[in-house]
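Single-letter residue listing:
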Amino acid sequence: MSNRRRLARERLEYYLVYLILAYRRLIWIVGLLILIYALAIIVASPLAGTATLLPAIYLLLLGNSYNIVVYTARLGAWIGTLWRHDE
């Protein structure tokens, strides 16, 4: 049973990596737009600007780094199969 769970998790991880890589340019563009917005809003409110800056940096890393894509897919697959009970 544990092999079946591991196989489902690996299959979901592979699918998520493929999906993120397919939309890599779009993720990078969205991250760049959020970065510009965060830099504009940081002048008015440092807390809101910083809170917006962190997802922007993450999206830019996701658009540029294959390792970040793999780790994100692993985390997503783990969360996706966390409460799955195959009987």
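As the structure is a computational prediction, the values presented were derived from the model and not from experiment.

The next point concerns the side chain of threonine 81. Mapped onto the elements of the fold, threonine 81 is located in the segment after α4 (66-80). Residue classification places threonine 81 among the buried positions, given a relative accessible area of 6%. A polar atom in the side chain of threonine 81 sits 3.0 Å from the side chain of arginine 9. Polar side-chain contacts of threonine 81 include one of 2.8 Å to the backbone oxygen of alanine 77. Filtering out sequence-adjacent residues up to four positions away, threonine 81 remains in contact with Arg9 and Leu12.

On to the nonpolar core, then. Among the nonpolar cores identified, the biggest contains seven residues, and these are Val17, Ile20, Ile27, Leu59, Leu62, Val69 and Ala73. Put simply, the parts of the chain that give this core at least two residues each are α1 (2-22), α3 (46-64) and α4. When residues no more than four places from it in sequence are discounted, the contact partners of isoleucine 27 are Ile20, Leu59, Leu62 and Gly63. The next biggest cluster of nonpolar side chains, apart from the first, holds five residues, and it includes Leu35, Ala38, Ala56 and Leu60.

To continue, consider the pattern of salt bridges. Enumeration according to the criterion identifies one salt bridge in this entry. Two residues, glutamate 13 and arginine 74, come together in a salt bridge whose shortest N-O distance is 3.5 Å. On the criterion of sequence distance, the pair formed by glutamate 13 in helix α1 and arginine 74 in helix α4 is long-range, its members being 61 residues apart. A residue is classified by how much of its surface remains accessible, and arginine 74, at 45% relative accessible area, is partly exposed.

Moving on to the confidence of the model for the protein. In the predicted model, the protein carries a mean pLDDT of 89, and 90% of its residues have values of at least 70. At the level of individual helices and strands, the protein shows its lowest average pLDDT in α1, which scores 84, and its highest in helix α2 (residues 24-41), which scores 95.

A separate point is the packing of α3 against α4. At their nearest, the axes of α3 and α4 sit 5 Å apart, and the two run at 110° to each other. Taken together, α3 and α4 sit at an angle that is classed as roughly perpendicular. Touching Tyr58, Leu61, Leu62 and Asn64 of α3 are Tyr66, Ile68, Val69 and Thr72, all from α4. Residues that form the contact of α3 with α4 fall into these classes: six nonpolar, two polar and no charged.

What counts and what doesn't
Position numbers for residues count from 1 along each chain, tracking the sequence in the order it is written. Where local features are concerned, this predicted model is filtered to residues with pLDDT of at least 70; where side-chain atom pairs are given and counted, the filter is 80 or more; whole-chain, interface and lining totals use all residues. Note that water and hydrogens are dropped before the side-chain values are worked out from all heavy atoms of the structure. In this text, helices come from DSSP runs of H or I with a minimum length of four residues, and strands from runs of E with a minimum of two, each type numbered from the N-terminal end. Buried, partly exposed and exposed residues are distinguished by accessible area as a fraction of the type maximum, computed with a 1.4 Å probe on protein chains only: under 20%, between the cut-offs, and over 50%, respectively. Any pair of nitrogen or oxygen atoms within 3.5 Å is treated as a polar contact; in protein, a donor-acceptor pairing is required on top of that, and neighbouring residues in sequence qualify only through side-chain atoms on both sides. Residue contacts are defined here by distance: any two heavy atoms, one from each residue, within 4.5 Å place the two residues in contact. The criterion is simple. A nonpolar core is a set of buried Ala, Val, Leu, Ile, Met, Phe, Trp, Tyr and Cys residues joined through side-chain atoms within 4.5 Å. Any Lys or Arg side-chain nitrogen located within 4 Å of an Asp or Glu carboxyl oxygen qualifies as a salt bridge. One confidence number per residue, pLDDT, is output by the predictor and ranges from 0 to 100. Only the stretch in contact is used when a helix axis is fitted, and all axes are lines through C-alpha atoms; the angle between N-to-C directions ranges over 0 to 180 degrees. By definition in this entry, angles of less than 35 degrees are roughly parallel, angles greater than 145 are roughly antiparallel, angles of 65 to 115 are roughly perpendicular, and the rest are oblique. Residues are grouped as follows: nonpolar covers Ala, Val, Leu, Ile, Met, Phe, Trp, Tyr, Cys and Pro; charged covers Asp, Glu, Lys and Arg; every other residue, Gly included, is treated as polar.

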